[in-house]
Amino acid sequence: MIAAVISLGGIGFLAAVILGFAAKKFAVEVDPREAEIAGNLPGANCGACGYAGCGGYAKAVVAGNAPPNLCTPGGAGAVAMIARVMGVEATAAEPTVAVICCQGDNTRAQDKYKYVGVHDCRTAQALAGGPKACPSGCLGLGTCVAACAFGALSISPEGLAVVDREKCVGCKKCTTVCPRNVIKMAPKSATVQVLCNSHDKGAVIKSYCQVGCIGCQICKKTAEDVYAVDNFLASVKNESYDQEKAVAGMLKCPAKCIHDLAAADTPQEEKTEEKAQ
Amino acid sequence: MQVQQVKERSKAFVNLFRQHKGMNMELKTFKGGLHPPDNKRWSEKKAIEVCPVAEGDELVIHLSQHIGAPAEACVQKGDKVLKGQVIGTPKGFVSVPIHASTSGEVIAVEPRLDTAGNKTMAVVIKADGKDEWDPNLSGADPDKLMPQELKDRILAAGIVGMGGATFPTHVKLSPPEGKKIDYLILNGVECEPYLTADDRLMQEKPEEVVEGILILKRILGVEKAVIGIEANKPTAIETMQKACEGKGIEVCPLQLKYPQGAEKQLIYAVTGREVPSGGLPMDCGCVVQNVGTAAAVNAAVRRGIPLIERIATVSGSAVAEPKNLLIKIGQPISKLVEFCGGVKGELGKIIQGGPMMGMAAVSMDVPVTRGTSGILLFSEGEVIRAPEGPCVRCGNCVRACPAFIMPTEIAFQMRRGKVDEAEKLNVMDCIECGSCTYICPAQIPLLQFFRQAKSAIRANIAKRKKV
Amino acid sequence: MTEMFIILVSTILVNNFVLAQFLGLCPFMGVSKKLDTAIGMGAAVTFVMAVAAMVTWVIQYFVLAKFGIEYLQTIAFILVIAFLVQLVEMIIQKTSPVLYQALGIFLPLITTNCAVLGLAVLNVQKGHSFLQSILFAIGAALGFTLAMVLMAGIREKVDVGPVPKCFQGLPIAFITAGLMSLAFMGFAGLIK
Amino acid sequence: MWEVIGALCPCCLLWILSFGVQASCLTILFCVLGCVLAEAGWELIRKQPITVRDGSAVMTGILLALNVPPNAAWWMALLGGFVAIIIGKQVFGGLGCNPFNPALVGRTVLLISFPVQMTTWVMPRTHEITSATPLSAVKMAVGLHGNITPEVQAQLSGVFYGGLGGQLGVLSALALIAGGCWLIYRKIITWHIPASFIGSAFVLSSIFWLVDSSKYPSPLFHMVTGGLMLGAFFMATDWVTSPLTPKGMVVFGIGCGVLTVLIRLFGGYPEGVAFSILLMNSATPIIDRLTMPRKFGAMPKKFGLVTKKG
């Protein structure tokens, strides 16, 4: 029995000695806080924080040049954890959601030419500015769907990108991939949005799209601090967002391109008619 | 099927040519490539006709018709311009001036639709029908001028590569000190199907081309000049043979194979040298010029005529009578097609240039530029492409690729979005000749994947440079 | 000499540790997604197996057998292997952090890798001499790496293809491994 | 694909003639039926367009039938077809995505799950059941007595006149070579894989034959039996599972040839072609990666003023 104890003890001791020596020789200084943060982050390596994966973000947070609330998929939990580890006070950022600023699917917007080729928006965009007559509308070829790691995006049968507001974690990957910058980020609470991305004048828009924003500024007049119009395109000012004023502006919109995304998926047109009478 | 037909046709030409000059050497060519039906019979017998500019016609002359910095407009709305007058001054060394193609009034200087379908800055001239030349254009005797003066005249005339690349000629003719040039190769191959512009030029004006070659030889100080012509143009080979008698210029007939006319493939076929990957023809002692460019150089030096008109083939199944036209730069495509009897049947596609490397034009009122070697109109039926099937790795594209890269592997990586993997597979060496897309039985748009990869890689390189 | 060659060939091809004896499947499935990580893992496993074979042989015959405590065999072997894996982990973390990140959890997992422990136990069961056990270890490690590399080559293509949703990921990996072991069965009985 | 099936016809004809019309026709029919039903069924369930018309399923069926003994039970042929198409191809995503040759997957699964039925062959034209194909006869003889016993030697000599059984006699080997050359002429397959496959098998088996002719059969025997010709011309050259570049194809062919001879002479199974091709299929992605063609202009020495042709 003693022999067993001695021999195993001996092997263990010998191993410990060698490991101790090796630990010194191959020492790699790793800040313990970085390992702890990286361990607790969701680990989706989605890049929403702008860093190369969770490891990169943890390294940046520990080095002090990254705020603790950049990890949108982690949400409030991640922010609290980083604050605790770093001993820093931090407020959770408001969750943001992607918004497709276009309604011109192939039933409402015309095409400039028939595109036959690689099923990818950037490739189609390189060919004479994309098949769609509208220079900044959604091409519907699904590059954003492929880029979304959370399955929040899909292409509707009529060829338009659609966002699932519950699944979207706000990692902004789709906005970088879309060649026409149709996808904008908006706070989840700001549900009323202008669903158009074209700065063309009214007459030009009417020539290729039935639901484009013609820059008539009616929404800006009815709700001064919610809507802003620059270069014939209206947009919602997310920082001074107010639900009643936004809905009021929405109802007045003649081109019907402002919609309340949180409303049930009833067809928007009929709903706004009853309210208008 | 088609390939068999083409093989017999090219064998027939080879035998015909061999007995004619008693040349026994087997025709030179490059490795890879394929044999699309050349469809030149539509327009190869038609002489060159001038497409007139009527009074009141609008010419849209883009300020960026060449590789390098776009020119800057030096005329305003309402100015009167004469034919050949400079309307755009070059910016920087790699740039050329732009000239008015006819006399008339400038009605607008604004972004207009160009061949690639984007809106770029252009000068719009309303023709007054007089076609009045600018008086102070003057020619000179090339033998009296020094090479640098010849190059200045070429720059002043705005001469660019007419093969379709539109690279400023004066830049190509001034190699850096270290590079020794011992071959001037003239590209009369015209391997693109349907196009017969260079063929007709060599048949009708061989002496213009030869004079131009002599000027180019003097500028480069080179002893050997070789004209590469494909075996399916026997009459052109004959006329050029006669014109080059005793002038130290050699005519080299080449096998009928696409893309024989690509710069690197032509150099390999004629001299056996390979342009180093990522390098220029100068790196292996060669300069390649199109035969059309040589003729334009001759006109510019001897008669002082700037590059305002060129020969282009209007052909295809949707054109009433295919023709070879002397077109004015800036004329809209609709005018040319009207001159050729208008559209026949239902129009499916308009292509500027050849069907393999040409650019699909978005509409008929896109203007013609200095790089337009042809306008092709195809009927709807001919253009429908079968839906893309799965790649069964048959290897046709790997065998056809003249750059010896692996098209199907690169497309596979690009489908995964792995641009760096595509770069490792040498996608930057792709010469975009379209052979792989043509030969692929599963109709996969391979070339689009490579263009996507190359633009992404160029963007990365630019980003890396900036940071 | 031929006897050495036979041991090598038999462990690499005939009774390949992964595809014939089905040992060490979890790292095999986990790390064979990309070719370079597969090669990295193969190298790490080869090092661990070679050294482990030597050390376990010494312990078996000079310690366990001498004091008659063979029953402690498993514990002693695991102790040695754990020590070796810890050593390898430090070396890889120092030399190539990229590989360390890529291997992730599977590097420390070599300790519990049944191929490594299996190797040590088989050496004892077969009564290999010192040299034979090293050769057996190297053969087993090369067989493991060969299977990993082949699998990684196939999986890089298959994982991206239009595999039906229910088969994507591990199910298709197991089917591919199954077909590969089907092919390796051709070697069954090659060496008597 | 249909042209490849056309090239297989002479061999099928001979196959049916030598093994009795009724039995072999049924096997071929059931194999093809199994493959086609499997593909159509799978695509129906997944609501994909039916791709049976492209002939790949029919070809897999015929290739499978030529590997299965003609007197095999009908359900075995059907099962082989199902396994070949479902596990061999459709599970990986359909045409073009399978890493292994489907026909061989089917055959090997059948061989390993029904070893007895798969190795009982019918004697050509005499139709009595015999369990010994020439290959397995040789293996048993070598196993028991250490060399090829005289009576087995006699059996072997019969092979050269197409008399003795085995999957294919010398006649069908010639039919296969004819079919293969037609495919090469039509540029559907290139000569690299068949040439290197048959060449390396011939060279290796003749080395062993010269070393000890009593223990190892002659190379000619290897060429003719065991479906080596069928494997070299029709199964190894399957586009999807073989390398793209000529260099890769030669490496692939040599690998198949060497492994076939090793398994036949030393392995446990009499027939090595199926296993060797499957093994090389698993190595194809690696071969492709290692045998990339040299890109145009990659060799610096060529670009200098040294010229190739004057």
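Residues numbered from 1 in each chain as written. Chains lettered and ligands numbered in written order. Predicted model: local features only at pLDDT ≥ 70, side-chain atom pairs only at ≥ 80, totals over all residues. Heavy atoms only, no water.

Helix and strand counts for chain D stand at 15 helices and two strands. A total of 310 residues make up chain D; the buried ones form 59% of that total. Here the analysis covers contacts within chain D between residues at least 6 apart in sequence; of these, 74% occur between residues at least 24 apart. Carbon and sulfur atoms make up 74% of the accessible area of chain D, which amounts to about 12,300 Å² in all. (Helix = DSSP H or I, 4+ residues; strand = E, 2+ residues; numbered from the N terminus. Buried < 20%, exposed > 50% of the residue type's maximum accessible area, 1.4 Å probe, protein only. Contact = heavy atoms within 4.5 Å. Areas by Shrake-Rupley, 256 points an atom, 1.4 Å probe, with all protein chains shown as cover.)

Residue and element names in this part refer to chain D. In terms of domain boundaries, chain D breaks down into domain 1 (1–124) and domain 2 (132–291). At the interface, 28 residues of domain 1 touch 30 residues of domain 2. Of the roughly 2,700 Å² buried where domain 1 meets domain 2, counting both sides, 75% is carbon and sulfur surface. The partner of R186 in a salt bridge is E3, with the nearest N and O atoms 2.9 Å apart. For the interface between domain 1 and domain 2, the tally reads two residue pairs in polar contact (both at pLDDT 80 or more). Sorting elements by how many residues they give to the side of domain 1 that touches domain 2 places helix 1 (residues 2–18) first, with eight residues. (Domains from an automatic or database assignment. Buried area = accessible area lost by both parts, 1.4 Å probe. Salt bridge = Lys/Arg side-chain N within 4 Å of Asp/Glu carboxyl O. Polar contact = N/O pair within 3.5 Å; in protein donor to acceptor, adjacent residues only side chain to side chain.)

A separate point is the side chain of T56 of chain C. All names here are of chain C. Summarising the element assignment, T56 is placed in helix 3 (residues 35–67). The class for T56 is buried, based on a relative accessible area of 2%. Not counting chain neighbours up to four residues away, the residues in contact with T56 comprise F77 and A120.

Residues and elements named next belong to chain B. Read across the open sheet, the three strands follow the order 3-5-6; overall the sheet is antiparallel. In this open sheet, the two edge strands, each paired with only one partner strand, are strand 3 (72–73) and strand 6 (98–99). Summarising the sheet, strand 3 and strand 5 (residues 86–89) pair through two bridges and their orientation is antiparallel. Across the sheet, the residue bridging to E72 is T89, located in strand 5. (Pairing = 2+ DSSP bridges.)

Here we take up the packing of helix 3 of chain C against helix 7 (residues 130–158) of chain C. Residue and element names in this part refer to chain C. At a minimum axis separation of 9 Å, helix 3 and helix 7 run at an interaxial angle of 165°. As judged from the angle between their axes, helix 3 and helix 7 are roughly antiparallel. Crossing of helix 3 against helix 7: the hand is right-handed. (Axes fitted to C-alpha atoms, helices over the stretch in contact; angles between N-to-C directions. Parallel < 35°, antiparallel > 145°, perpendicular 65-115°, else oblique. Left-handed = near helix turned anticlockwise from the far one by under 90°.)

Time to look at the interface of chain D and chain C. Of the residues lining the interface, 29 residues belong to chain D; the matching set on chain C comes to 26 residues. Here chain D packs against chain C, burying approximately 2,300 Å² in sum over the two surfaces, 80% of which is carbon and sulfur. If you sort the residues of chain D by the area they bury against chain C, V91, F92 and L279 of chain D come out on top, with a joint share of 22%. In this assembly, chain D and chain C are joined by one salt bridge.

Evaluated as defined, the whole model comprises 17 aromatic pairs over all chains. When the ring of W42 of chain B is compared with that of Y194 of chain B, the centres are 6.2 Å apart and the planes differ by 50°; the resulting orientation is tilted. Of this pair, W42 of chain B sits in the loop between helix 1 (2–21) and strand 1 (48–50) while Y194 of chain B sits in the loop between strand 9 (183–187) and helix 4 (197–204); the two residues are 152 residues apart in sequence, bridging distant segments of the chain. Ring centres of W75 of chain D and F114 of chain D lie 5.2 Å apart, and the angle between their planes is 75°; this geometry places the pair in the edge-to-face category. Residue W75 of chain D is found in helix 4 (residues 74–86), and its partner F114 of chain D is found in the loop between helix 5 (102–113) and helix 6 (115–118); the two are separated by 39 residues along the sequence. Under the relative-accessibility criterion, F114 of chain D is labelled buried at 18%. (Phe/Tyr/Trp six-rings, centres within 6.5 Å; stacked < 30°, edge-to-face > 60°.)

What follows concerns the sheet that holds strand 1 of chain B. Strand pairs in the sheet, formed through backbone hydrogen bonds, run parallel or antiparallel to each other. Residue and element names in this part refer to chain B. The mixed open sheet is built from six strands, whose spatial order is 1-14-13-17-15-16. Each of the sheet's edge strands pairs with one partner strand only, and the pair in question is strand 1 and strand 16 (359–361). This sheet shows a mean twist of 30° between the axes of neighbouring strands, independent of strand direction. Judged from the five bridges that link them, strand 15 (residues 347–352) and strand 17 (residues 374–379) form a sheet pairing that is antiparallel. Bridge pairing links L347 to S379 in strand 17. Seen against the sheet, helix 4 touches strand 1, strand 13 (309–315) and strand 14 (323–328) and runs at an angle of roughly 125° to strand 13.

Let's shift gears to the interface of chain D and chain B. If you look at the interface, chain D gives 27 residues, while chain B gives 33 residues. Here chain D packs against chain B, burying approximately 2,800 Å² in sum over the two surfaces, 61% of which is carbon and sulfur. Linking chain D to chain B there are three salt bridges. Notably, a salt bridge pairs R393 of chain B with D288 of chain D, separated by 2.5 Å at the nearest N-O pair.

Moving on, we get to the pattern of salt bridges. All names here are of chain B. Following the criterion strictly, the structure yields 33 salt bridges over all chains and no others. In this structure, the salt-bridge partner of K83 is D131, at a minimum N-O distance of 3.3 Å. Highlighted residues: K83 in the loop between strand 4 (80–81) and strand 5 and D131 in the loop between strand 8 (119–127) and helix 2 (147–156), separated in sequence by 48 residues. We note a salt bridge from R303 to E208, for which the minimum N-O separation is 3.1 Å. With a gap of 95 residues between them, R303 in helix 8 (residues 291–303) and E208 in helix 5 (residues 206–220) connect regions that are remote in the sequence. The exposure class of R303 is partly exposed, given its relative accessible area of 40%. With a relative accessible area of 16%, E208 lands in the buried category.

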